[in-house]
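Structural overview
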Amino acid sequence: MDIILLGPPGAGKGTQANRLVEHHGMRQLSTGDMLRAAVKAQTPVGVQAKEVMDRGELVSDEIVSALIDAELTAMGPQVGAIFDGYPRTEAQAIALDEILARHGRSLDHVIELEVNEDALVDRITGRYTCANCGEGYHERYKRPRVEGVCDKCGSTEFKRRPDDNEATVRTRMQEYRAKTAPILPYYETRGIVTKVDGMASIEDVTHSIDAILT
Ligand code: AP5
């Protein structure tokens, strides 16, 4: 099964993708994570992407679609894919269809996480992750069970994303409204879009998505 998690910055795409990986044995394909890895490794793609990401704008369609194509080639046909943060433009949606067809795959569901915009800024500016395993936390909504110690791997080091400041978040939201939200009708005409209340608790959002997938 191949699905897209669609929603604005901070809607909970990464949080839910992680849980789906555990529940359904699927693979998370996050273009944001791939680009951050490229920035960290200072690859040519990373060097090109860094300034664009720091401004909160979108990296070129060609770059992100090539990353997705390469990941699908590496993971093989047996494992279901969760597209997290991709596609984000109409050109990427068209490219994804072409890529999936080439890999003998097709989309089963597009799950749109609906969240009110004030909550998004609060979620993103309070977010941090384990520096070792990447487990996500939030200052108010998801703290480690033992303060300062990652639940998953026991590390005591945490980090924040450079684009998680209020000014950049506002630009990321504008980009979402202008370029990403308009691709929904592309999938709605196929009858594969389901809206999920992303304002519910993390657990409840997972239950809603599980119900769609099973
Ligand atoms: P990307 O990494 O994709 O960031 P994003 O879409 O802005 O989304 P986020 O990761 O910020 O949010 P999320 O929805 O995953 O929320 P999360 O689960 O973390 O992209 C970053 C940049 O890379 C882009 O700006 C662009 O430059 C570039 N890029 C990436 N893909 C691209 C593409 N396809 N094309 C072009 N450029 C691309 O949750 C947020 C917080 O809220 C967490 O702390 C979490 O614990 C908390 N939370 C989650 N769910 C709930 C809930 N239900 N209740 C309470 N708190 C919750």
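Let me begin by describing the structure that accompanies this report. (Residues numbered from 1 in each chain as written. Predicted model: local features only at pLDDT ≥ 70, side-chain atom pairs only at ≥ 80, totals over all residues. Heavy atoms only, no water.)

1. Notes on the pattern of salt bridges
It is possible for side chains of opposite charge to pair when their charged atoms get near one another. Note the cut-off: Between Lys or Arg on one side and Asp or Glu on the other, a salt bridge is scored when a side-chain nitrogen of the former is within 4 Å of a carboxyl oxygen of the latter. Numbering of helices and strands runs from the N terminus, with a helix taken as a DSSP run of H or I at least four residues long and a strand as a DSSP run of E at least two residues long.
Per the counting criterion, the structure on display carries 26 salt bridges. We note a salt bridge from Asp33 to Arg36, for which the minimum N-O separation is 2.8 Å. Residue Asp33 and its partner Arg36 are both found in helix α2 (residues 31-41); the two are separated by three residues, about one turn of the helix.

2. Considerations on the environment of Ile63
We apply this condition: Only protein chains enter the accessibility calculation, which uses a 1.4 Å probe; a residue is then buried when its area is under 20% of its type maximum, exposed when over 50%, and partly exposed in between. Two residues form a contact once any of their heavy atoms are found within 4.5 Å.
Following the sequence through the fold, Ile63 ends up in helix α4 (residues 61-75). Looking at Ile63, the relative accessible area reads 13%, which means it is buried. Along the chain, Ile63 and Ala49 lie 14 residues apart, while their C-alpha atoms are 9.0 Å from each other. In this structure, Ile63 is in contact with Leu35, Val45 and Gln48, ignoring residues within four places of it in sequence.

3. Concerning the packing of aromatic side chains
Formally: Classification of ring pairs uses Phe, Tyr and Trp, with its six-membered ring standing for Trp, and accepts pairs whose centres are within 6.5 Å; under 30 degrees between planes counts as stacked, over 60 as edge-to-face, and the remaining range as tilted. As a reminder, the over-ring test applies to NZ of lysine and CZ of arginine, requiring each to be within 6 Å of the ring centre and within 35 degrees of the ring normal.
This structure, assessed with the given rule, holds four aromatic pairs. Seen in terms of ring centroids, Tyr137 and Phe158 are 5.7 Å apart; in terms of plane orientation they differ by 80°. Their pairing is edge-to-face. Of this pair, Tyr137 sits in strand β6 (residues 136-138) while Phe158 is found in strand β7 (residues 158-159), placing the two residues 21 residues apart along the sequence. With a centroid separation of 5.1 Å and 85° between ring planes, the pair formed by Tyr186 and Tyr187 is classed as edge-to-face. By relative accessible area, Tyr186 is classed as partly exposed at 26%. Geometry around Tyr141 places Arg140 over its ring, the cationic atom sitting 5.7 Å from the centre. A cation sits over an aromatic face here: Lys142 above Tyr137, 5.1 Å from the ring centre.

4. Quick word on the site of the ligand
Threshold: Each residue is tested against the molecule or strand, and it is near if at least one of its non-hydrogen atoms lies within 4 Å. For the purposes of these results, a polar contact is taken to be a pair of N or O atoms within 3.5 Å, where, inside protein, one atom must be able to donate a hydrogen and its partner to accept one; residues adjacent in sequence count only when each atom of the pair is a side-chain atom. Values of accessible area rely on a 1.4 Å probe in the Shrake-Rupley scheme; residue burial ignores everything except the protein chains shown. Three residue categories are used. Nonpolar comprises Ala, Val, Leu, Ile, Met, Phe, Trp, Tyr, Cys and Pro, charged comprises Asp, Glu, Lys and Arg, and polar comprises the others, including Gly.
Surrounding the ligand, one finds 33 residues, the nearest of these being Thr15, Glu57, Arg88, Arg127 and Arg172. In the environment of the ligand, an oxygen atom lies 2.7 Å from a nitrogen or oxygen atom belonging to the side chain of Arg172. Protein burial of the ligand: of its 1,000 Å² of free accessible surface, 95% is covered by the chains. Where the shell around the ligand is concerned, the elements lending two or more residues are α1 (13-24), α2 and β6. A per-element tally of the shell around the ligand places α2 first, with four residues. Considering only residue class, the shell around the ligand consists of 13 nonpolar, eleven polar and nine charged.

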